[in-house]
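If you want the building blocks of each chain, they are given just below.
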2 protein chains.
Amino acid sequence: MPRNDRLLRTARGESVDRPPVWLMRQAGRYMHEYQALRARHSFLELCRDPALACEISLQPLRAFDMDAAIIFSDILIPLEGMGIGFSLDHGGPKIHEPIRTGAQVSKVIVPVVRETCDYVYEAISLLSEALDGEVPLIGFGGAPFTLAAYSVEGSGSKNYENIKSMMYGEPEVLQALLEKLAETVARHLCEQVEAGAEIVQLFDTWAGELSPEDYEEFALPYQKRVLETVRELGVPSILYVKGGGGFLDIVAAAGADVISLDWRVDLAEARRQLGPDQVVQGNLDPCVLLGTADEIRDRTEAMIRSGGGQGHIVNLGHGILPMTPREHVGLFVETVQDQSNNE
Amino acid sequence: MPRNDRLLRTARGESVDRPPVWLMRQAGRYMHEYQALRARHSFLELCRDPALACEISLQPLRAFDMDAAIIFSDILIPLEGMGIGFSLDHGGPKIHEPIRTGAQVSKVIVPVVRETCDYVYEAISLLSEALDGEVPLIGFGGAPFTLAAYSVEGSGSKNYENIKSMMYGEPEVLQALLEKLAETVARHLCEQVEAGAEIVQLFDTWAGELSPEDYEEFALPYQKRVLETVRELGVPSILYVKGGGGFLDIVAAAGADVISLDWRVDLAEARRQLGPDQVVQGNLDPCVLLGTADEIRDRTEAMIRSGGGQGHIVNLGHGILPMTPREHVGLFVETVQDQSNNE
């Protein structure tokens, strides 16, 4: 156990003095230290250089009293080794040749990630050493459906019409792609644990665009496969789905230790639906951190009350926005720290 | 009552031989008849010419056995008379000067819509005459929050950071804008009823991006104000919110006769939550119409079963996509027609 064990204790259902706090994308563009590095390197250069990725992961810990570190990387990283080339620099992800046919899917590789993503695991080893047991280290990966959505759409999408055309037209082609992604992501997370990650988060950002029925067929089974592999290593897991507020019971069925919720559900209501034993994470609207100090404090306190004080990892409902003022992040973290369960 | 009274009977909670069916954006780009007109006129020219708007509204009725007509128009139409200029032609809506300050909001006009949107009501009169009592005529408007989102963001948005910055930074400025929008939209819908609309749909497309708490503060009260004005005219109303599956009870609190749901909730589960007396509309994923004939038939039948046969207006969960094959729309409509409650 790290000396600050709030996050791991909470994920395991144990009680803590106050809810732990960290932020999705806490290492990133809202920090000038990050911007300074980004001015000299492309995003992918930063991901691929273990020393730089470790340094960036440490930046938010130096600036704020975060209860966890998360490795600086990207969910798309394993795709390149699968033969799905992409770029990330201008206006979001761009897949060089979107996967639209069975012939393309059959050429997709399940790579030896230890070789194709070695720099991620090296960065985690460096980060683990630098943390020196102070706070837990979070590894992460993209869930199969979300990675398939990027691979098939070729970029972010408004309606997801390409992957859904495949889903409603040639479901077996999509399933073959999801199988390969599930195997690759499972291995990717295992290697991260091997390298020092103490908990992992699986991001199924776009699975909330599915109907409950489609989610059960095209997201859930592949999440389960990945999470089962992680569970065998004895490491707790967090599952993030953006949307999905209309079918939380199905989201929970994947068996993650922690369900990470977006802001479009009330935490107390979600906990009521999910039962008292389901640990949750989230869920402040990232835009709240663009508001006034009073608003940030009030909303954060209200969220913590709504979460109930135990079984709740405080976070945003999605990644922190690049234009977030740094001092607002400090205020958010301090507000959480001021909450003591003994008060 | 029109001769085909399935839609109005259903909206009023009365029983019907089979669920009525129409499609959001049924008059539009997926039809070659529309494309032919669009090749010669801009989108706004089509909206502003009563004869053309009427003609476009009739096109889907000639091609398919729809149970309702909806006037061809756009939710942004009333903004111009409010002093919020916009264009619609290239890549979605663009507000010329996004509303970001209290000074700008104070200059926003609550117009005499009978003058500024006269062409809409004229188109409805023409359409009403052309329908000759065969099927009901649906009028529509954008809900205040959604219109505010476009006005403040200046276009579609991923994170809605501008309107939410206003919401969390200067809520009174946003409220002043919402007041003006509510008054304008209420008048706009009343004029449509006056001109011949027999039911109206209020689109709060982006309100589902809000937390339940924010929805209650910045969407719900303004929906209520608009819907109350419509109710006084004795005309039933439909409220569409994209998202919001995590807080259906709050969506229902606006008091619309019909709640129009997106595909991310199961209809049976929604009806369980909303109670047997709440009429619902929806909710097939528009992308299903990009799939195979079998898939379209199976999914449509499953949706109708899930809806329970009464108190359900069959529709998509969002507007029909422009690339939808026309014959798939026919198949969808026929599948609904084949469902008899007497079977």
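The present account deals with the structure reproduced in this document.

Thresholds, definitions, all that
Residues numbered from 1 in each chain as written. Chains lettered and ligands numbered in written order. Predicted model: local features only at pLDDT ≥ 70, side-chain atom pairs only at ≥ 80, totals over all residues. Heavy atoms only, no water. Contact = heavy atoms within 4.5 Å. Buried area = accessible area lost by both parts, 1.4 Å probe. Salt bridge = Lys/Arg side-chain N within 4 Å of Asp/Glu carboxyl O. Polar contact = N/O pair within 3.5 Å; in protein donor to acceptor, adjacent residues only side chain to side chain. Helix = DSSP H or I, 4+ residues; strand = E, 2+ residues; numbered from the N terminus. Nonpolar A, V, L, I, M, F, W, Y, C, P; charged D, E, K, R; others polar. Least-squares fit on C-alpha atoms with pLDDT ≥ 70 in both. Core = buried A, V, L, I, M, F, W, Y, C linked by side-chain atoms within 4.5 Å. Buried < 20%, exposed > 50% of the residue type's maximum accessible area, 1.4 Å probe, protein only. Pairing = 2+ DSSP bridges. Axes fitted to C-alpha atoms, helices over the stretch in contact; angles between N-to-C directions. Patch = residues over 30% accessible without salt bridge, like charges linked within 9 Å, V, L, I, M, F, W, Y side chains within 5 Å. Areas by Shrake-Rupley, 256 points an atom, 1.4 Å probe, with all protein chains shown as cover. Lys, Arg positive; Asp, Glu negative; His and termini not counted. Charge placed at Lys NZ, Arg CZ, Asp CG, Glu CD. Phe/Tyr/Trp six-rings, centres within 6.5 Å; stacked < 30°, edge-to-face > 60°. Lys NZ or Arg CZ within 6 Å of the ring centre and 35° of its normal. Parallel < 35°, antiparallel > 145°, perpendicular 65-115°, else oblique. Left-handed = near helix turned anticlockwise from the far one by under 90°.

### Notes on the interface of chain A and chain B
With 32 residues of chain A in contact, the opposing surface of chain B contributes 32 residues. A buried area of about 2,800 Å², summed over both sides, lies between chain A and chain B, and 54% of it is on carbon and sulfur atoms. Looking at the side of chain A facing chain B, the largest losses of area belong to Tyr168, Arg264 and Arg299 of chain A, adding up to 25% of the total buried there. Inspection of the region where chain A meets chain B yields eight salt bridges. For the salt bridge of Arg299 of chain A with Asp214 of chain B, the shortest nitrogen-to-oxygen distance reads 2.6 Å. Taken together, the links from chain A to chain B amount to eight residue pairs in polar contact (both at pLDDT 80 or more). Those elements that place two or more of their residues in the side of chain A that touches chain B are helix H9 (161-169), helix H11 (212-218) and helix H15 (293-307) of chain A. At five residues, the largest contribution of residues to the side of chain A that touches chain B is made by H9 of chain A. Classifying every residue of the side of chain A that touches chain B by side-chain character gives twelve nonpolar, nine polar and eleven charged.

### Things to note about the environment of Val108 of chain A
Residue and element names in this part refer to chain A. The topology assignment puts Val108 in the loop between helix H5 (102-107) and helix H6 (113-116). On a C-alpha basis, the gap between Val108 and Leu52 in space is 30 Å, while along the polypeptide they are 56 residues apart. Apart from residues no more than four positions distant in its own chain, Val108 is found in contact with Met82, Ile84, Ile99, Leu177 and Lys180.

### Things to note about the relation of the copies chain A and chain B
Placing chain A over chain B gives an RMSD of 0.0 Å and needs a rotation angle of 180 degrees, together with 0.0 Å of translation along the axis. Accordingly, the operation relating the two chain copies is best matched by a two-fold axis. No C-alpha of chain A lies nearer the rotation axis than that of Gly246 of chain A, which sits 2.4 Å from it. When the interface residues of chain A are mapped onto chain B, 100% of them again lie at the interface, so the same face is used by both copies.

### Describing the nonpolar core
The nonpolar side chains of a soluble globular protein tend to be buried, and buried together. In this structure, Phe145, Tyr215 and Phe332 of chain A together with Phe145, Tyr215 and Phe332 of chain B are the most contacted members of the largest nonpolar core, which totals 261 residues. Not counting chain neighbours up to four residues away, the residues in contact with Phe332 of chain A comprise Val21, Leu23, Leu284, Leu289, Ile296, Thr300, Met303, Val314, Asn315 and Leu316 of chain A.

### Things to note about the sheet that holds strand S1 (residues 69-70) of chain A
Residue and element names in this part refer to chain A. Sheet architecture is open: seven strands sit in the order S1-S4-S5-S6-S7-S8-S9, paired in parallel fashion. Only two strands of the sheet have a single neighbouring strand rather than two, namely S1 and strand S9 (312-316). Of the strands in this sheet, strand S8 (279-284) and S9 touch H15, which is tilted by about 150 degrees from S9.

### Describing a negative patch on the surface
Together, Glu45, Asp49, Glu115, Asp118 and Glu122 of chain A make up a region of like negative charge exposed at the surface. In this fold, Glu122 of chain A is placed in helix H7 (residues 118-131).

### Structural notes on unusual backbone geometry
With an omega of 0 degrees, the peptide bond running from Gly282 of chain A to Asn283 of chain A counts as cis. On the secondary structure map, Asn283 of chain A appears in strand S8. Despite not being glycine, Tyr160 of chain B shows a phi value in the positive range, around 55 degrees. Structurally, Tyr160 of chain B is set in the loop between helix H8 (144-153) and helix H9 (161-169). Looking at Tyr160 of chain B, the relative accessible area reads 4%, which means it is buried.

### Points about the environment of Arg3 of chain B
Residues and elements named next belong to chain B. Assignment of secondary structure puts Arg3 in the segment before helix H1 (6-11). Each C-alpha atom of the pair Arg3 and Leu202 lies 25 Å from the other, and the pair is 199 residues apart in sequence. For Arg3, the residues in contact, after removing those within four places along its chain, are Asp132, Gly133 and Glu134.

### Quick notes on the packing of aromatic side chains
Residue and element names in this part refer to chain A. Inspection of the entire model under this criterion finds 14 aromatic pairs over all chains. A network of ring pairs unites the aromatic residues Tyr34, Phe43 and Phe72 as a single cluster. Note that Arg264 overlies the ring of Trp263, its terminal NZ or CZ placed 5.5 Å from the centroid.

### Considering the packing of helix H10 (residues 171-195) of chain A against helix H12 (residues 220-231) of chain A
All names here are of chain A. Contact geometry for H10 and H12: axes closest at 9 Å, N-to-C directions at 20 degrees. Classified by the interaxial angle, the pair formed by H10 and H12 is roughly parallel. When you trace H10 past H12, the crossing you get is right-handed. In this structure, H10 uses Gln175, Leu178, Glu179, Ala182, Val185, Ala186, Leu189 and Cys190 to contact H12, whose residues at the interface are Tyr222, Arg225, Val226, Thr229 and Val230. Each residue belonging to the contact of H10 with H12 can be placed in one class, and the counts come to nine nonpolar, two polar and two charged.

### Re the sheet that holds strand S4 (residues 137-142) of chain B
Strand pairing within a sheet occurs via backbone hydrogen bonds; the two strands may be parallel or antiparallel. Residue and element names in this part refer to chain B. The seven strands are arranged S1-S4-S5-S6-S7-S8-S9 in an open sheet whose pairing can be described as parallel. Of all strands in the sheet, those with a lone pairing partner are strand S1 (69-70) and strand S9 (312-316), marking the two edges. The sheet contacts of H8 involve S4 and strand S5 (199-208), and relative to S5 the element is tilted by about 55 degrees. With respect to the sheet, helix H12 (residues 220-231) is in contact with S5 and strand S6 (237-243), its orientation differing from that of S5 by roughly 175 degrees.

### Points about the packing of H9 of chain B against helix H10 (residues 171-195) of chain B
Residue and element names in this part refer to chain B. Taken N-terminus to C-terminus, the directions of H9 and H10 make an angle of 115 degrees; their axes are 5 Å apart at the nearest point. Contacts from Ile163, Met166, Met167 and Gly169 in H9 reach Pro171, Val173 and Leu174 in H10. Grouping the constituent residues of the contact of H9 with H10 by class yields six nonpolar, one polar and no charged.

### A closer look at the pattern of salt bridges
If you walk through the whole model with that rule in mind, you get 38 salt bridges over all chains. Across the pair Glu209 of chain B and Arg264 of chain A runs a salt bridge whose closest N-O atoms are separated by 3.6 Å. Here the residue Glu209 of chain B occupies a position in the loop between S5 and helix H11 (212-218), and Arg264 of chain A occupies one in the loop between strand S7 (258-260) and helix H14 (267-274), the pair thus bridging two chains.

In short, shape yes, function no, at least from these values alone.
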